[in-house]
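If you want the building blocks of each chain, they are given just below.
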Amino acid sequence: IVYLDFDNTLVDTVYAGCCYMYFEHNVPLVDEMNVEKYDFAPLFDVPSISDMFENEHLFCNLYVYPDMWRLLIFLKENRFKIIIPTYCLSEKSKQWKKEWFENNPLVTEYIDEVIYLDKEDKSKIDMERCIIIDDLPKYHDMSNASLKLSYKHYPKAVWYPTQEDVTVSDNVDILINKIKSV
């Protein structure tokens with residue numbers, strides 16, 4: 001089983017957040033590759049993260065990272081069960097995520113299950129003898145997964161895991177090779 005995070009792991013939430021700021025707050029489009037912090041610093045100040053995650057302009061601009069397609073194909077070809085545990089700030093945020101999956105059948109054909117969490121807590125999920133792929137260190141800390149991986153798309157970002165037991169890479173092939181080695 002692979003527990004694959006949604007925001008900033010499977011899909012590019014930073015890019016979608018930049019689109020949200022453009023459409024909702026008239027902030028000029030910026031190069032999202034310069035993002036450093038999870039709150040979008042130094043690109044701009046987001047007035048409300050919860051408002052952003054409840055807005056259609058975020059979800060209609062969420063795209064699967066191109067490299068993640070290779071990972072999804074590899075996992076399915078090798079018969080891994082793919083589960084997406086994703087935190088939802090509110091019922092409205094949960095509804096937008098559900099609609100996103102419904103509107104993206106090419107993605108859902110690779111996904112076995114989506115778990116919508118109402119708390120920022122993945123520790124309740126028993127990941128023993130499983131793999132976690134997540135961009136946030138706290139989820140690796142609370143996980144008992146056998147293999148811990150993180151896909152680092154944004155080179156200047158400082159939120160990625162630094163734990164010794166987590167492999168962090170901007171190269172999906174490195175993550176695939178780690179999975180092959182288990």
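Our subject is the structure listed above.
Chemist: I'd like to hear about the side chain of Ser150, residue by residue, with values.
Modeler: Mapped onto the elements of the fold, Ser150 is located in strand β5 (residues 147–151). Among the polar contacts made by the side chain of Ser150, one reaches the main-chain carbonyl oxygen of Asp134 at a distance of 2.9 Å. If near-sequence neighbours (up to four positions away) are discounted, Ser150 is found in contact with Asp134, Asp135, His140, Tyr160, Pro161, Val166, Thr167, Val168, Ser169 and Leu175.

Chemist: Can you break down the environment of Leu58 residue by residue, with the values?
Modeler: As for its position among the elements, Leu58 is in helix α3 (residues 56–59). The class of Leu58 is buried, set by a relative accessible area of 0%. Contacts of Leu58, omitting those with residues within four sequence positions, involve Thr13, Ala16, Gly17, Tyr20, Met52 and Phe53.

Chemist: I'd like to hear about the environment of Lys180, residue by residue, with values.
Modeler: Inspection of the secondary structure puts Lys180 in helix α8 (residues 172–180). A residue is classified by how much of its surface remains accessible, and Lys180, at 55% relative accessible area, is exposed.

Chemist: Describe in detail the sheet that holds strand β1 (residues 2–4), supporting the description with residues and values.
Modeler: Strands belonging to one sheet form pairs held by backbone hydrogen bonds; the direction of such a pair is parallel or antiparallel. In spatial order, the strands read β3-β2-β1-β4-β5-β6; together these six strands make up an open sheet with parallel pairing. On the outer flanks of this sheet lie β3 (113–117) and β6 (166–169), each paired with one strand and no other. Put simply, the sheet's adjacent strands are angled 20° from each other on average, direction ignored. Strand direction decides the pairing type here: β1 and strand β2 (residues 82–87), joined by two bridges, are parallel. Residue pairing in the sheet places Tyr3 in a bridge with Ile83 of β2.

Chemist: Just give me the short version of α8, but keep the residues and values in it.
Modeler: Turn by turn, an α-helix covers 3.6 residues, leaving residues three or four places apart pointing in a common direction. Turning to α8, its buried residues are Val172, Leu175, Ile176 and Ile179. Viewed along the axis of α8, the buried residues span an arc of 100°, placing them on a single side of the element. On the buried face of α8, the contacting elements are α4 (66–77), β4 (131–133), β5 and β6. Capping the start of α8, Asn171 holds a side-chain oxygen 2.8 Å from the backbone nitrogen of Asp173, two or three residues further along.

Chemist: Lay out the state of the cysteines with the relevant residues and their values.
Modeler: Taken as a whole and judged by the stated rule, the model has zero disulfides. Cysteine Cys18 remains unbridged, with the sulfur of Cys19 as its closest cysteine sulfur at 7.0 Å. On the basis of relative accessibility, which here comes to 5%, the residue Cys18 falls in the buried class. Judged by relative accessible area, Cys19 falls into the buried class, the value being 5%.

Chemist: For the pattern of salt bridges, give the residues involved together with the corresponding values.
Modeler: This structure, assessed with the given rule, holds nine salt bridges. For Asp7, the salt bridge is made with Lys97, and the minimal N-O distance between the two is 2.8 Å. Note that Asp7 is positioned in the loop between β1 and α1 (13–25) and Lys97 in helix α5 (residues 91–102), a separation of 90 residues in sequence. Neither Asp7 nor Lys97 differs from the other in exposure class; each is buried.

The rules behind these values
- Residues numbered from 1 in each chain as written.
- Predicted model: local features only at pLDDT ≥ 70, side-chain atom pairs only at ≥ 80, totals over all residues.
- Heavy atoms only, no water.
- Helix = DSSP H or I, 4+ residues; strand = E, 2+ residues; numbered from the N terminus.
- Polar contact = N/O pair within 3.5 Å; in protein donor to acceptor, adjacent residues only side chain to side chain.
- Contact = heavy atoms within 4.5 Å.
- Buried < 20%, exposed > 50% of the residue type's maximum accessible area, 1.4 Å probe, protein only.
- Pairing = 2+ DSSP bridges.
- Axes fitted to C-alpha atoms, helices over the stretch in contact; angles between N-to-C directions.
- Arc of directions from axis to C-beta.
- Disulfide = S-S within 2.5 Å.
- Salt bridge = Lys/Arg side-chain N within 4 Å of Asp/Glu carboxyl O.

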